[in-house]
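Reading the structure
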Amino acid sequence: MSQLRTPYYLVEEKLLRRNLELIRSVSQRSGAEIILAFKAFALWKTFPIFREYIRATTASSPDEARLALEKFGSKAHTYSPAYTQGDFDTIVRCSSHITFNSLSQYQRFGAPLCERSKVEYTNPDTGTRVPSLGLRVNPEYSEIGTELYNPCAPGSRFGVLAAQLPEQLPAGIEGFHVHCHCESSAETFQRTLVHIEDKFARWFPQLKWINFGGGHLMTRKDYNVELLITMLQGFRQRYPWLKVILEPGSAFAWQTGSLVASVVDVVENHGIRTAILDVSFTCHMPDCLEMPYYPTIRGAEHIDAESSRHKWLYRLGGNSCLSGDYMGTWSFDHELQVGETLEFEDMIHYTTVKTTMFNGVHHPSIAIRHTDESTEILREYTYYDYCNRMD
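Residues numbered from 1 in each chain as written. Predicted model: local features only at pLDDT ≥ 70, side-chain atom pairs only at ≥ 80, totals over all residues. Heavy atoms only, no water.

1. Looking at the overall build of the protein
Looking only at helices and strands, the protein has twelve helices and 19 strands in total. In summary, the protein has a C-alpha radius of gyration of 23 Å against a globular reference of 21 Å for 391 residues, a match within 12%. Along the first, second and third principal axes, the C-alpha set of the protein runs to 70 × 45 × 40 Å. By the burial criterion, 52% of the 391 residues in the protein qualify as buried. Taking as baseline every contact in the protein between residues at least 6 positions apart, the subset at least 24 positions apart corresponds to 70%. For the protein, the accessible surface area stands at approximately 18,400 Å², while carbon and sulfur atoms represent 49% of it. Put simply, the protein has 38 plus and 46 minus side-chain charges, and the middle of one group is 6 Å from the middle of the other. (Helix = DSSP H or I, 4+ residues; strand = E, 2+ residues; numbered from the N terminus. Rg over C-alpha atoms; globule rule 2.2 N^0.38 Å. Buried < 20%, exposed > 50% of the residue type's maximum accessible area, 1.4 Å probe, protein only. Contact = heavy atoms within 4.5 Å. Areas by Shrake-Rupley, 256 points an atom, 1.4 Å probe, with all protein chains shown as cover. Lys, Arg positive; Asp, Glu negative; His and termini not counted. Charge placed at Lys NZ, Arg CZ, Asp CG, Glu CD.)

The structure is reproduced here in structure tokens:
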């Protein structure tokens, strides 16, 4: 990796394929379609690898929908909390499925699309089919502990409640989308599924598909894959006319690579030593601050500084001007030196997508280590990437 300056993301193709093989196996054995959520992973130069295992992706914006069509090569399953008039034509052009967050959004955008479909279905000259339409529904149940990530919290803006649905679904609605997990277990899905069926099963005869959303972390080492397959098989036996879709994000890129940074300075204030890095928690690892969670650093241990007798303790500081751009404390087995590299593990899912250029801080470069151990640089960022954002 000597040709790469820090910071950089390193994707391990071998580990990525391991996840993809497991996901394909779950799909084949359960009969459910599993698609990639761009909100967690959108490194389009790796899409040729993904296309060996899956056929579709999910988008939440016009740009993600375009990415699906133009870079992945298939139309997206698209959901957004709110569509706008100026963007909706792009959404329609690039989507195979469109899910509406509310009945009012359906009335504004979906109903006219249904009228248009009557013409296009019967016109042999166009050969066009409008996307399959769905509604996001809210089962009012979720086991996500962090409020910031809980889409089913009381007062949530996501999805239609069962009490708000008419007995006869609006014309053209063919599916339900339910999302209430975040890096969750199969056991959590098992408990959630009871609430989903209890709330919404009476509308299932009117549907053609159901999307159970993301957060199914089936590639995590302790995930009960067999239970997930059994549940999906059982659900399909109960409702054989429904196509079942899952759209995890983290599961695809879970434990597939790292973010490599360098120590650029060490400062001390009131007995607290801070190793300042050439990466930023604010810019490059916002989930660490939002969730919050402490990332794993190879060769170091995150500890409680107050009760520790370790010698080499460091808070890690980012290179932005935000005062809170730090995390700590980690214990090392040696004194950190300027120029030394640190490797933040499991930093490919979400982190690569959420990276920003706040403060003019560059994105880390992106590289992939192929299965033959050769390394390819996929992307390096310059001043012009930052400058062009202001055009």
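On we go from here.
2. Considering the environment of alanine 251
For alanine 251, the position within the fold is in helix H8 (residues 250-253). A relative accessible area of 1% means that alanine 251 is categorised as buried. Taking C-alpha positions, alanine 251 is 28 Å from leucine 277, a pair spaced 26 residues apart along the chain. Apart from the residues lying within four places of it in its own chain, the contact partners of alanine 251 are Asn19, Ile23, His216, Leu217, Met218 and Thr219.

3. Observations concerning empty space enclosed by the protein
Taken as a whole and assessed by the stated rule, the structure comprises one cavity of 30 Å³ or more. In this structure, the largest cavity encloses a volume near 50 Å³. Lining the largest cavity are Thr58, His77, Thr78, Tyr79, His97, Thr99, His177, Trp209, Asn211 and Glu247. Broken down by element, the residue count for the lining of the largest cavity peaks at three residues, all from strand S5 (residues 76-80). Residues that form the lining of the largest cavity fall into these classes: two nonpolar, seven polar and one charged. (1 Å grid on protein atoms, 1.4 Å probe; cavity = no way out; pocket = protein on both sides within 12 Å on 5 of 7 lines; lining within 4 Å. Points joined across faces, edges and corners; volume = space filled by probe spheres on them. Nonpolar A, V, L, I, M, F, W, Y, C, P; charged D, E, K, R; others polar.)

4. Observations regarding the layout of surface pockets
Counted as a void, the largest pocket has a volume near 1,100 Å³. If you trace the largest pocket, you find 48 residues lining it, with Lys39, Tyr149, Cys182, Tyr350 and Lys354 closest to the centre. Secondary structure elements with two or more residues in the lining of the largest pocket: strand S4 (57-59), H8, helix H10 (286-290) and helix H11 (351-354). In terms of residue class, the lining of the largest pocket is built from 21 nonpolar, 15 polar and twelve charged. Roughly 550 Å³ of internal volume is contained in the second largest pocket. Lining of the second largest pocket is provided by 17 residues; of these, Ala42, Leu43, Thr352, Ile366 and Tyr381 occupy positions nearest its centre. The set of elements that each furnish at least two residues to the lining of the second largest pocket consists of H11 and strand S19 (375-379). Considering only residue class, the lining of the second largest pocket consists of ten nonpolar, three polar and four charged.

5. With respect to the packing of helix H1 (residues 13-30) against helix H7 (residues 225-238)
Viewed as axis vectors pointing N to C, H1 and H7 meet at an angle of 30 degrees, and their least axial separation amounts to 9 Å. The crossing of H1 and H7 is right-handed. In contact with Leu22, Val26, Arg29 and Ser30 of H1, H7 contributes Val225, Glu226, Leu228, Ile229, Leu232, Gln233 and Arg236. Partitioning the contact of H1 with H7 into residue classes produces six nonpolar, two polar and three charged. (Axes fitted to C-alpha atoms, helices over the stretch in contact; angles between N-to-C directions. Left-handed = near helix turned anticlockwise from the far one by under 90°.)

6. A closer look at helix H6 (residues 186-200)
Given a rise of 1.5 Å per residue, 15 residues ought to cover 21 Å, and the 20 Å separating the end C-alpha atoms of H6 matches this to within 8%. Along H6, the residues classified as buried are Ala186, Thr188, Phe189, Thr192, Leu193, Ile196, Glu197 and Phe200. Buried residues belonging to H6 abut strand S7 (132-138), strand S8 (160-161), strand S9 (173-177) and H7. (Expected span 1.5 Å × (residues − 1).)

7. Focus on the packing of aromatic side chains
Inspection of every chain in the model, using the stated rule, returns 23 aromatic pairs. Residues phenylalanine 47 and phenylalanine 50 carry aromatic rings whose centres are separated by 6.3 Å and whose planes lie at 80 degrees to one another, so their mutual orientation is edge-to-face. Residue phenylalanine 47 and its partner phenylalanine 50 are located together in helix H2 (residues 47-50), separated by three residues, close to a single helical turn. The same class applies to phenylalanine 47 as to phenylalanine 50, namely buried. The interplanar angle of 45 degrees and the centroid separation of 6.2 Å between the aromatic rings of phenylalanine 200 and tryptophan 203 together place this pair among those described as tilted. For the pair shown, phenylalanine 200 and tryptophan 203 are each scored as buried. Of the aromatic side chains, those joined through ring pairs into one cluster are Phe38, Phe41, Phe47, Phe50, Phe72 and Phe252. Over the aromatic face of tryptophan 44 sits the side chain of lysine 71, whose NZ or CZ is 4.0 Å from the ring centroid. Positioned above the aromatic ring of tyrosine 314, the side-chain terminus of arginine 273 is 5.1 Å from the ring centre. (Phe/Tyr/Trp six-rings, centres within 6.5 Å; stacked < 30°, edge-to-face > 60°. Lys NZ or Arg CZ within 6 Å of the ring centre and 35° of its normal.)

8. Some words on the pairing of S19
One ladder, built from four bridges, connects strand S18 (residues 365-369) with S19; its direction is antiparallel. For isoleucine 368, the partnering residue across the bridge sits in S19 and is glutamate 376. Counting the residues that bridge the hairpin from S18 to S19 gives five residues, and of these glutamate 373 lies at a positive phi of roughly 75 degrees. (Pairing = 2+ DSSP bridges.)

9. A few points about the environment of tryptophan 44
Mapped onto the fold, tryptophan 44 is located in the loop between strand S3 (36-37) and H2. For tryptophan 44, a relative accessible area of 39% puts it in the partly exposed group. Placed 27 residues apart in sequence, tryptophan 44 and lysine 71 show a C-alpha to C-alpha distance of 6.4 Å.

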